[in-house]
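# Overview (structure and organization)
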Amino acid sequence: MTSQPTQAKATGDPGNGLQAGLKNRHLSMIAIGGVIGAGLFVGSSSGIATAGPGILLSYALVGTLVVLVMRMLGEMSAANPTSGSFSAHADRALGRWAGFSIGWLYWFFWVVVLAVEATAGAVILEGWIPAVPQWAWALIVMIVLTATNLVSVGSYGEFEFWFAGIKVVAIAAFIVIGGLAVFGVLPGVDSDKAGLGNLTDHGGFLPHGAGAILTGVLLVVFSFMGSEIATLAAGESENPQQAVTKATNSIIWRVGVFYLGSIFVVVSLLPWNDPSIKKDGSYVAALDSLGIAHAGQIMNFIVLTSVLSCLNSGLYTASRMAFSLGQRGDAPKGFARTNSRGVPMTAILASVVFGFVAVFFNYLSPKTVFLFLVNSSGAVALFVWLVICFSQLRMRKIIQAEAPEKLVVKMWLYPYLTWATAGLIVFVLVYMLTDTEGASSGRTTVLLSLLVAAFVLGIAFLKEKVGAGRAEAVSPEVHDEVDEVKVG
């Protein structure tokens, strides 16, 4: 068991640690916006085509999983807020190998996401200003957000506050307007397709059978990644424990409103098999059905905002995980150094460099190297959730023994619900192995992610073995020195 280093706060001394630069409003919006990923806007159409209106059950199942995992993470993070979040908790609860492995896998996931989101943003921007090539837009977006993160944690928080705010307002407006149309009370709109009948009239609620619910789970599970960012950011907030508690307690309504609420509106406004859903995207098709002018451009702006938000948070998250790994001796020491503004510049730049390399591969070799990077990081979300489950099982006992007053957030029905959640995650991973269609099939994603995980685990155990060997080599000399002092 390893003890965690104390994280310095609110200090102006260079290299002395992170600073409490995030305000309560920043944390609140980061917590809300972290749940709404770009995948919700651009990836829901494939889920609807696969499961029909039953995709609501897929979202509900994954949403429940996220709520339970966040409850566990909230319990640990409220008791010990840290920039390493679940990686630091795993380090202490399960061992150095666990914190090292899941920390680097999580970092790898987010730096690949940087490339994916930069490319997605570049596609939209090129459509608006085609004179600038796509690769240049990707470069511009990465540089701007890197500069934002390098200035201070407060600048990251401010940018994310507005990015997330736009997403929240847009999706809330969509739910209200769409909901009024579904019930036929939206002034000035007469949509002949809208109505609750769309949930059952076109082949039933489950047109492709109950099995499609699980297939839908595979398509939507990764759009929920990001809900844990608030627990990492809490380490740089004015009141970490309060921030984590608030983010954890609000996760239920956030998932319920933004995911289930918006998807319910989509599948109620249009028949699930309407060709426009697959052609234009679910949200654009829903807006078009209401006769809203320039629906496509409006949604492109919202998606771009989501992409920039994801990029901004992805870079922040990757750098803070690298910082934490550096603090614990699991990454180069330079990663743990901060400047006078409390910014871990080396950790940020290292994450950006890998992101730039991934963007380069996306243009040079999109169907080989970049596809490998995307697939090999695809199941990391599930690995992270699984490690959180096992860490919480152990950390509850540690907290109760050392500081029971810190258990301000408690996992429900411990340990039974924790074990049930872990079992559900394992079931999803096993079910993914049955999906063999396409270059990014579930089986390919799981196997390649396991391959990368095995590689990182190998490094972790090798590092521990080398460290133990060095300790043994030093021990005799230490004992000799002690004996000499005694004799003297």
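Each remark here, short or long, concerns the structure printed above.
Residues numbered from 1 in each chain as written. Predicted model: local features only at pLDDT ≥ 70, side-chain atom pairs only at ≥ 80, totals over all residues. Heavy atoms only, no water.

### Looking at the side chain of Glu228
Locating Glu228 in the fold gives a position in the loop between helix H8 (211-220) and helix H9 (229-233). Here Glu228 occupies a buried position and makes no salt bridge, while the nearest side chain of opposite charge, Arg254, is found at 9.5 Å. Looking at Glu228, its side chain comes within polar contact range of the side chain of Tyr106, at 2.3 Å. Beyond its immediate chain neighbours, meaning those up to four positions away, Glu228 contacts Met70, Leu73, Phe86, Tyr106 and Trp110. (Helix = DSSP H or I, 4+ residues; strand = E, 2+ residues; numbered from the N terminus. Buried < 20%, exposed > 50% of the residue type's maximum accessible area, 1.4 Å probe, protein only. Lys, Arg positive; Asp, Glu negative; His and termini not counted. Salt bridge = Lys/Arg side-chain N within 4 Å of Asp/Glu carboxyl O. Polar contact = N/O pair within 3.5 Å; in protein donor to acceptor, adjacent residues only side chain to side chain. Contact = heavy atoms within 4.5 Å.)

### Comments concerning a nonpolar patch on the surface
Judged by side-chain polarity, Leu94, Trp97, Phe390, Trp419 and Phe461 come together as a nonpolar surface patch covering roughly 480 Å² of accessible area. With respect to the element layout, Trp419 can be found in helix H18 (residues 416-432). (Patch = residues over 30% accessible without salt bridge, like charges linked within 9 Å, V, L, I, M, F, W, Y side chains within 5 Å. Areas by Shrake-Rupley, 256 points an atom, 1.4 Å probe, with all protein chains shown as cover.)

### Remarks on the packing of aromatic side chains
In this structure the tally under the stated criterion is 19 aromatic pairs. An angle of 85° between the planes, with centres 4.7 Å apart, marks the rings of Phe86 and Tyr106 as edge-to-face. With Phe86 in helix H4 (residues 85-93) and Tyr106 in helix H5 (residues 96-128), this residue pair connects regions lying 20 residues apart in the sequence. In this structure, Phe86 and Tyr106 share a single accessibility class: buried. On the numbers, 5.4 Å between centres and 80° between planes, the contact of Trp104 with Trp107 is edge-to-face. A residue pair is termed a helical-turn pair when its members lie 3 or 4 positions apart in one helix, as Trp104 and Trp107 do in helix H5 at 3 residues. (Phe/Tyr/Trp six-rings, centres within 6.5 Å; stacked < 30°, edge-to-face > 60°.)

### Structural notes on the nonpolar core
With 149 residues, the main nonpolar core has Phe86, Tyr106, Trp110, Val384, Trp385 and Ile425 as its most contacted residues. Ranked by residue count, the leading element in this core is H5, at 19 residues. Once you skip the residues sitting within four places of it in the chain, Phe86 turns out to touch Leu73, Ile102, Tyr106, Glu228, Leu232, Met321, Val384 and Ile388. (Core = buried A, V, L, I, M, F, W, Y, C linked by side-chain atoms within 4.5 Å.)

### Brief notes about the pattern of salt bridges
Taken as a whole and assessed by the stated rule, the structure comprises 9 salt bridges. Between Glu158 and Arg25 there is a salt bridge; the shortest N-O distance is 2.8 Å. With Glu158 in helix H7 (residues 153-182) and Arg25 in helix H1 (residues 24-33), this residue pair connects regions lying 133 residues apart in the sequence. Counted as one network, the salt bridges with shared partners bring together Asp91, Arg96, Arg328, Asp330 and Lys463.

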